[in-house]
Amino acid sequence: MNASPSPIIPELPKAAAMLDRVRAEAAELRSFTITFMSLLLYVAIIISSTTHEQILRIDPVKLPLLGVDIPIVGFFWFMPGFLFFLHLYILLQHYLFSQLAFRFRAALERETDEETKNHLRRSLGNLPFLHWLAGQHGGFMNFLMTAITVVSLIIWPMLTFWWLQAAFLPYHDNTIVWTQCAFLLIGYCAAGLFVGENS
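Only a predicted model underlies this, so the values are computations on that prediction, with no experimental measurement involved. (Residues numbered from 1 in each chain as written. Predicted model: local features only at pLDDT ≥ 70, side-chain atom pairs only at ≥ 80, totals over all residues. Heavy atoms only, no water.)

What about the pattern of salt bridges?
Here is step 1 of the chain: On inspection of all chains with the given rule, the structure shows two salt bridges.
Here is step 2 of the chain: Residues Arg-21 and Glu-25 are paired through a salt bridge, measuring 3.0 Å at the closest nitrogen-oxygen approach. Taken together, the residues span about one helical turn, with Arg-21 and Glu-25 both in helix 1 (residues 15–48) at a distance of four residues.
Here is step 3 of the chain: Judged by relative accessible area, Arg-21 falls into the partly exposed class, the value being 47%. (Salt bridge = Lys/Arg side-chain N within 4 Å of Asp/Glu carboxyl O. Helix = DSSP H or I, 4+ residues; strand = E, 2+ residues; numbered from the N terminus. Buried < 20%, exposed > 50% of the residue type's maximum accessible area, 1.4 Å probe, protein only.)

Here it is, written out as structure tokens:
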């Protein structure tokens with residue numbers, strides 16, 4: 001009886017061969033993140049310019065730069081869910097990218113030449129999340145990379161969700177308030193899972 005052939009184990013890619021893909025996906029992720037953070041800033045400007053009197057009188061909200069009036073109740077009903085799904089999408093994109101970054105880091109650790117390792121690390125691009133996962137920054141720079149990642153992906157979106165809810169409380173619409181609470185709670189859970197998967 002012939003023995004079954006041993007399975008073919010694919011050769012693991014080298015770090016240098018993965019660098020271009022890592023940089024390309026990092027650049028795309030950076031664009032997504034900057035767009036999302038710009039939207040958070042835009043929403044924060046709208047919230048800060050909205051008064052309790054305006055909410056109680058149900059006066060429309062004027063969009064900055066565009067100068068367009070939109071219904072204030074519709075804004076506070078629609079925006080939390082819209083931001084929630086965008087935030088969930090951004091977290092999912094970062095999670096998927098982290099799997100590639102971990103494979104790149106493993107390939108980097110298999111390199112025997114220290115000069116090659118250092119060159120590849122210096123060529124990672126300018127996405128702090130990637131340097132947080134695959135770089136070897138120490139001291140203050142490591143703290144800075146971690147702080148930028150945590151603030152931009154977790155703290156800032158969560159504070160915006162909370163601010164949306166707090167600003168709309170004078171309207172006393174239980175359905176909208178509880179919907180906002182649900183989005184806020186699920187957002188906290190998603191952020192916690194993201195941190196757990198990448199720590």
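Points about a nonpolar patch on the surface
Here is step 1 of the chain: A cluster of nonpolar side chains, contributed by Phe-140, Met-141, Phe-143, Leu-144 and Ile-148, occupies part of the molecular surface with about 490 Å² of accessible area.
Here is step 2 of the chain: You can see Phe-143 is positioned in helix 6 (residues 140–168). (Patch = residues over 30% accessible without salt bridge, like charges linked within 9 Å, V, L, I, M, F, W, Y side chains within 5 Å. Areas by Shrake-Rupley, 256 points an atom, 1.4 Å probe, with all protein chains shown as cover.)

Examining the side chain of Ser-152
Here is step 1 of the chain: Within the fold, Ser-152 resides in helix 6.
Here is step 2 of the chain: For Ser-152, a relative accessible area of 9% puts it in the buried group.
Here is step 3 of the chain: In this structure the side chain of Ser-152 is engaged in a polar contact, spanning 2.7 Å, whose partner is the backbone oxygen of Ile-148.
Here is step 4 of the chain: At a separation of 3.3 Å, a polar atom in the side chain of Ser-152 contacts the main-chain carbonyl oxygen of Thr-149.
Here is step 5 of the chain: What Ser-152 contacts, discounting residues up to four positions off in sequence, is Met-37 and Pro-157. (Polar contact = N/O pair within 3.5 Å; in protein donor to acceptor, adjacent residues only side chain to side chain. Contact = heavy atoms within 4.5 Å.)

Points about the packing of helix 1 against helix 3 (residues 72–110)
Here is step 1 of the chain: Following both chains from N to C, one finds helix 1 and helix 3 inclined at 160°, their axes separated by 10 Å at the closest point. Classed by the angle they form, the pair helix 1 and helix 3 counts as roughly antiparallel. Pair helix 1 / helix 3 crosses with left-handed handedness. (Axes fitted to C-alpha atoms, helices over the stretch in contact; angles between N-to-C directions. Parallel < 35°, antiparallel > 145°, perpendicular 65-115°, else oblique. Left-handed = near helix turned anticlockwise from the far one by under 90°.)

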